[in-house]
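# Breakdown of the fold
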Amino acid sequence: MSIISIHQAIDLLKKGEPVALPTETVYGLAAPINNLKAIEKIFEIKKRPLNDPLIVHVTNLDMAETLISKASIDFEKLCKKFWPGPLTLVTEKNKTLVDDLLTSNGSTVALRSPKSNLFLKAIDAVGPLAAPSANLFKKVSPSKAEHIIASLPGVCVVDGGACEVGIESTILDVDRLKILRPGMITISDIANTLGKTILNQETELSNIPGAEKDHYQPTTKVIVYSSKDKLEEFLKGRSHTGLDLGKDPRACAKSLYSNLREQDQKADFISIKWSPEYNLENWLGIKNRIEKASSYWMD
Ligand code: AMP
Ligand code: MG
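Right, let's walk through the structure included here. Going along each chain's sequence as written, the residues are numbered from 1 onward. Note on labels: chains are lettered from A, ligands numbered from 1, in written order. Selection of residues for local features in this predicted model requires a pLDDT of at least 70, selection of side-chain atom pairs for listing and counting requires 80 or more, and totals for whole chains, interfaces and linings are taken over all residues. Heavy atoms throughout the structure, all of them, feed into the side-chain values; hydrogens and water do not.

### A closer look at the packing of aromatic side chains
Ring pairs shown here join Phe, Tyr and Trp side chains whose ring centres sit within 6.5 Å, with only the six-membered ring taken for Trp; geometry is labelled stacked below 30 degrees between planes, edge-to-face above 60, and tilted in between. Evaluation of the coordinates by the stated rule reveals eight aromatic pairs. Here the aromatic residues Trp274, Tyr278, Trp283 and Trp297 are joined through ring pairs into a cluster of three or more. When the ring centre of Phe234 is taken as origin, the NZ or CZ atom of Arg238, which lies over that ring, is 5.3 Å away. Comment: the charge-over-ring label is applied if NZ (Lys) or CZ (Arg) is within 6 Å of the ring centre and within 35 degrees of the ring normal.

### Quick look at the environment of Glu233
The helix count covers DSSP runs of H or I at least four residues long, the strand count covers runs of E at least two residues long, and both are numbered beginning at the N terminus. With respect to the element layout, Glu233 can be found in helix H9 (residues 228-235). Think of it in three bands: residues with accessible area under 20% of the maximum for their type are buried, residues over 50% are exposed, and the middle band is partly exposed, with areas taken using a 1.4 Å probe on protein chains only. The exposure class of Glu233 is exposed, given its relative accessible area of 61%. As a C-alpha pair, Glu233 and Cys156 span 77 residues in sequence and 45 Å in three-dimensional space.

### Some remarks on helix H8 (residues 187-194)
Residues Ile187, Ile190, Ala191 and Leu194 constitute the buried set of H8. When H8 is viewed along its axis, its buried side chains cluster within an angular range of 95° and face the same direction. By definition in these notes, contact holds between two residues if any of their heavy atoms fall within 4.5 Å. Lining the buried residues of H8 we find helix H4 (73-82), strand S4 (87-92), strand S7 (170-173), strand S8 (178-181), strand S9 (199-200) and helix H11 (284-293). With its phi angle positive at about 65°, Gly195 sits one or two positions after the end of H8. What the arc measures is the spread of directions leading from the helix axis to the C-beta atoms.

### Description of the sheet that holds strand S12 (residues 269-273)
Read from one edge of the open sheet, four strands run S11-S12-S10-S13, paired in parallel fashion. Since the sheet does not close on itself, it has two edges, and those belong to strand S11 (240-242) and strand S13 (294-298), each with one partner. In this sheet, adjacent strand axes meet at a mean angle of 25° when their direction is disregarded. Pairing between strand S10 (residues 221-225) and S12: five bridges, direction parallel. Paired with Tyr225 across the two strands is Lys273, which belongs to S12. Paired strands, in this sense, are two strands between which DSSP finds at least two bridges. Lines fitted to C-alpha atoms define the axes here, with helix axes fitted over just the stretch in contact, and angles between the N-to-C directions of these axes take values from 0 to 180 degrees.

### Here's the deal with the sheet that holds S8
Ordered by their spatial adjacency, nine strands build an open sheet running S1-S2-S6-S3-S5-S4-S7-S8-S9, and the pairing between neighbours is mixed. Both outer strands of the open sheet, strand S1 (19-21) and S9, are each paired with one neighbouring strand and no more. Two elements, S8 and S9, share two bridges in a ladder whose sense is parallel. The residue of S9 that forms the bridge with Lys178 is Leu199.

### Here we look at the environment of His215
One can find His215 in the loop between S9 and S10. By relative accessible area, which is 8% here, His215 ends up buried. Distance in space between the C-alpha atoms of His215 and Lys46 is 13 Å, their sequence separation being 169 residues.

### Here we look at the nonpolar core
Each nonpolar core is a collection of buried residues, namely Ala, Val, Leu, Ile, Met, Phe, Trp, Tyr and Cys, held together in the definition by side-chain atoms within 4.5 Å. One finds Leu21, Phe75 and Leu111 to be the most contacted residues of the largest nonpolar core, which totals 64 residues. For this core, the element with the highest residue contribution is helix H6 (residues 117-126), accounting for five residues. Not counting residues within four places of it along the chain, the set of residues in contact with Phe75 comprises Leu61, Ala64, Ile68, Trp83, Leu89, Thr91, Leu111 and Val174. Within the second largest apolar cluster, 23 residues are counted, among which are Leu243, Ala253, Leu260 and Ile270.

### A word on the packing of H4 against H8
At a minimum axis distance of 10 Å, the contact between H4 and H8 shows a crossing angle of 120°. Judged by the inter-axis angle, H4 sits oblique to H8. With respect to the hand of their crossing, H4 and H8 are arranged in right-handed fashion. Side by side, H4 and H8 meet where Asp74, Lys77, Leu78, Lys81 and Phe82 of the first sit next to Asp189, Ile190, Thr193 and Leu194 of the second. For the contact of H4 with H8, the residue count by class is four nonpolar, one polar and four charged. Just so you know how the angles are binned, under 35 degrees is roughly parallel, over 145 roughly antiparallel, 65 to 115 roughly perpendicular, and the rest oblique. Handedness of a crossing follows from how the near helix is turned relative to the far one, being left-handed for an anticlockwise turn of less than a right angle and right-handed for a clockwise one. Each residue gets one of three labels, nonpolar for Ala, Val, Leu, Ile, Met, Phe, Trp, Tyr, Cys and Pro, charged for Asp, Glu, Lys and Arg, and polar for the others, Gly among them.

In structure tokens:
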């Protein structure tokens, strides 16, 4: 049995054992940033390459400021507006306190304050925690404790129920005002808060570690289609199970990874019907995850 209490989790973290903790986005595999052996274990458990940097989780702006070179006005405004919440900010790091192992030798660090009392309690007890999603590299992220038990059986998990947001945070390079990964906090949300234009460079960033095309993939191949005829032509009698994205992006994001996992290995393909409304801005995070999860996209 690998469900543990938050107190047991804090004890394990203090001993340098990574544990899975709930956040509002997805479950994270956490370890203290000042224990590099524990950070190495995160990469080993996930089979994650070392050139894919980790997000560091903090309680608030004050803690974030200790880990960066300087908080710009934009950084402060965004923290005040969206933290704790699903927005990760990338800026120049404090080179003394943030080891190159966390940032894949880069000069910047990605920071976020998660909206989860359990996670914040753990940070209060052991300090800033690095925490990538608690899944094997390139596989579907976990939005429930049972997903980790199924795919990382050696890892202890604090069960915080189903994650409220359900997909990973929006990542913003706050010095260049560029979106590195879309999420449920939209470009307009950020632009309106700062009164500035925000660039969406996510699509051009396929060379950035962690932005590979084939992320979030279930075992069964996912096919996205607009016309039923084209789908039938493609399937040539092979079986498929349909995943309905619905009309509400928030509800869709919350259940997306659970649905992908539930429908995995049930048929020859998982099919997703694409509607024009899914190209609207508030669906961008979901569209990005589906592009990466899918093997075929038929317009
Ligand atoms: P996750 O696996 O959800 O924790 O997301 C981690 C992702 O954040 C990485 O795969 C990178 O794409 C991104 N990231 C983390 N640190 C940085 C950084 N310093 N600069 C740019 N992107 C980063
Ligand atoms: Mg991940």
